[in-house]
Amino acid sequence: MVKIKEMFEEVKFEMFKVVLLGAFLDSAIFFLISYLVLSVFSIGILIPLLAAIIYLVIRSFFNMKKISLKEIEKRNPSVKEMLRTASDNQEEDSFMARALFEEVLDKMKAVSSGSFISLKQMMKKLVVIFIISSLLFTIAFFNINISKFENPFANVNLNFFQNKQTQEKAIQEAGLVTLGSGKIDINLKQNLNQIDFNSVSNPEDTGALADELEGDVNAKASKAYTKSLDDINDRKTAAEYSQKIK
Amino acid sequence: MAMDNVKNIEKLKSTFSNIVSEIAKKIVGQEEVLEQILVAILCDANALLESFPGLGKTSMISAVSQVMKLKFSRIQGTPDLMPSDIIGTYVIEDRDGKKIFKFQKGPIFANIVLMDEINRATPKTQAALLEAMQEKQVTVGNQTFPLDKPFFVLATQNPIDQEGTYPLPEAQTDRFLLKILLDYPKKEDELEIVERYTGASEIPQLNSLLSGDSLVLLQKLARQVPIANDIKKKAVEIVQKTRKLPELIEYGASPRASIGIIMAAKAKALIDGRKYVSLKDVEQMAHPILRHRLILSFKAEREGLNADDVINKIIG
């Protein structure tokens, strides 16, 4: 009787492994498809990854409920009706029940856990994974930009974990305050993302005082952005603007 | 040793096949009827046999009792049959000059009792028999006499010639586990019957293959055959459906039928040498278990449906 219980524990564990494998493949497909779709919206890998993990858990739970001894019997006709009869009567200790357990134990030795898996379905899933992975690889290799839309979460302040004090401290850092009484030369390079702060001097080093404004702040654009203002209207607008900021 | 148990159970299949083969020396064909009689015996229950005259009912049951080495008695149902003619009565006996009352056992004190044409006996006599069947004992006066074990009653009914009969009410037929239908033999079988019973050679004697004690053990084993929960549920669902089909069935079967189907399915599995009940066993046994427990509606009878047709519709 103990042996039959052990056998069913093993069968249950094997079924769980099969279910987990199937759910893992399904969630891999889910992850790849959602990553592909969300890339159109310029959303990174984190959200599809989290969604795939949740999908894996839910899928495993529901698949475990669906799989039954009947499925194993279908794939192994030698134990048809016998397996679930033995399972339902595990607590029986009669002569007939023991004879049934012996026969089931004997026949289950010839059954491998591979028979619990539907190879056809498994192959289909692997093919789908391969196709989508190849697609993603091709996009990455050829640096194809599939982002058609802006990230809707781009303007959301994700600095949730920065507390007020940290923010205030940041503001109070003298080195971070660029406006002051000294001259600041900022070279704007061709790529707007790169600002060369090497030319910026610390206002304290230049002897500038925070409350004194000396002269004008001259910002020199690099060559690429140099534009001679030939048009008189443009010159007027520029002059008015520099008056304003003074 | 473990596998010996498995082999022993499988040997039972050959045991039952041998019993059928042995009976076949006297009875031609009718293997399905024989199987159902064996099922009833293994379930320690009783069976009702509906048959036209001259189909070998007495010969068949007599052959079963010979092969199983069981005491056999036959009771012919007649309108003047009294209960004491079945169960026995006290008679005055002269012993040593003194007169004493001694209980003389009736024909019911046997292992296998064939009650021929039970519907010809009066309701009072029918009740005496049915009571003995139910209680497995007989009470006369203030004394109780237990019946022999194993005890099996095969009651027969003639579907024709109903004049002057007292048909068993449905409440009484419910006490029989199975209703077995014995039909006319096939042409080849009838030729064989004619060959055997009109030829010069004698009918061979039957060998005893099983004893009463072995049969009691087999009855215990039949009860032990495991059954899966979903197959058990299926059996109960079949019986429940008989109560939920008012357009075809006026009165459905009682829970006694659910017990009967499962017991009969277990016995069938044992006869087939299996250690578990199959769904096929339940579906096969549903017919003899249910056919005498359903009262069909007028619509069903008008459509020419019999109980077996309705059971087929229920099983699907």
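Coordinates for the structure precede this section.
Student: Run through the overall build of chain B, naming residues and quoting values.
Tutor: A tally of helices and strands in chain B yields 13 helices and 11 strands. A compact globule built from 316 residues would reach a C-alpha radius of gyration of about 20 Å, and chain B, at 21 Å, matches this within 12%. Within chain B, buried positions represent 39% of all 316 residues. Pairs at least 24 residues apart make up 77% of the contacts formed inside chain B by residues separated by at least 6 positions.

Student: Explain the sheet that holds strand S1 (residues 47-51) of chain B to me, and be specific about the residues and the numbers.
Tutor: Residue and element names in this part refer to chain B. Taken together, the 5 strands give an open sheet; going across it, the order is S2-S5-S8-S1-S9, and neighbouring strands pair in parallel fashion. Pairing within the sheet leaves two strands with one partner each, and these edge strands are strand S2 (72-76) and strand S9 (178-182). Pairs of neighbouring strands in the sheet enclose a mean axial angle of 20°, with direction left out of account. Where S1 meets strand S8 (residues 152-157), 4 bridges bridge the pair, whose relative direction is parallel. Its bridge partner being in S8, Leu48 is matched across the sheet by Ala155.

Student: Residues and numbers for the pairing of strand S7 (residues 143-146) of chain B, please.
Tutor: All names here are of chain B. Bridge count for strand S6 (residues 137-140) against S7 is 4 bridges, and the pairing is antiparallel. Opposite Thr139, over in S7, you have Thr144 as the bridge partner. Remark: 2 residues form the turn of the hairpin made by S6 and S7, two consecutive strands paired antiparallel; Gly141 in that turn has positive phi of roughly 65°.

Student: For helix H3 (residues 57-67) of chain B, give the residues involved together with the corresponding values.
Tutor: Taken as a whole, H3 of chain B has its buried residues at Lys57, Met60, Ile61, Ala63, Val64, Ser65 and Val67 of chain B. Two residues or fewer after H3 of chain B comes Lys69 of chain B, characterised by a positive phi angle close to 55°.

Student: If you had to explain the environment of Phe145 of chain B to someone new, which residues and values would you point to?
Tutor: Residue and element names in this part refer to chain B. Relative to the elements of secondary structure, Phe145 occurs in strand S7. Here Phe145 falls in the partly exposed class, since 16 other C-beta atoms lie within 10 Å of it. Put simply, Phe145 and Lys99 are 46 residues apart on the chain and 22 Å apart in space, counted from C-alpha to C-alpha. Once residues lying within four places of it in the same chain are set aside, the contact partners of Phe145 are Phe103, Gln137, Val138 and Val140.

Student: Please give an account of the nonpolar core that cites residues and values.
Tutor: The biggest cluster of nonpolar side chains holds 104 residues, and the ones touching the most others in it are Ile37, Ala40, Cys43, Ala47, Ile261 and Ala264 of chain B. With 10 residues, helix H10 (residues 255-271) of chain B is the largest single contributor of residues to this core.

Student: So what's going on with the environment of Ser242 of chain A? Which residues, and what values?
Tutor: Residues and elements named next belong to chain A. Mapped onto the fold, Ser242 is located in helix H8 (residues 232-245). On the neighbour-count criterion, Ser242 (11 C-beta atoms within 10 Å) is exposed. The spatial distance from the C-alpha of Ser242 to the C-alpha of Asp88 is 90 Å, given a sequence separation of 154 residues.

About the criteria used
Residues numbered from 1 in each chain as written. Chains lettered and ligands numbered in written order. Predicted model: local features only at pLDDT ≥ 70, side-chain atom pairs only at ≥ 80, totals over all residues. Helix = DSSP H or I, 4+ residues; strand = E, 2+ residues; numbered from the N terminus. Rg over C-alpha atoms; globule rule 2.2 N^0.38 Å. Buried ≥ 20, exposed ≤ 12 C-beta atoms within 10 Å, placed from the backbone. Contact = placed C-beta atoms within 7 Å. Pairing = 2+ DSSP bridges. Axes fitted to C-alpha atoms, helices over the stretch in contact; angles between N-to-C directions. Core = buried A, V, L, I, M, F, W, Y, C linked by C-beta atoms within 7 Å.

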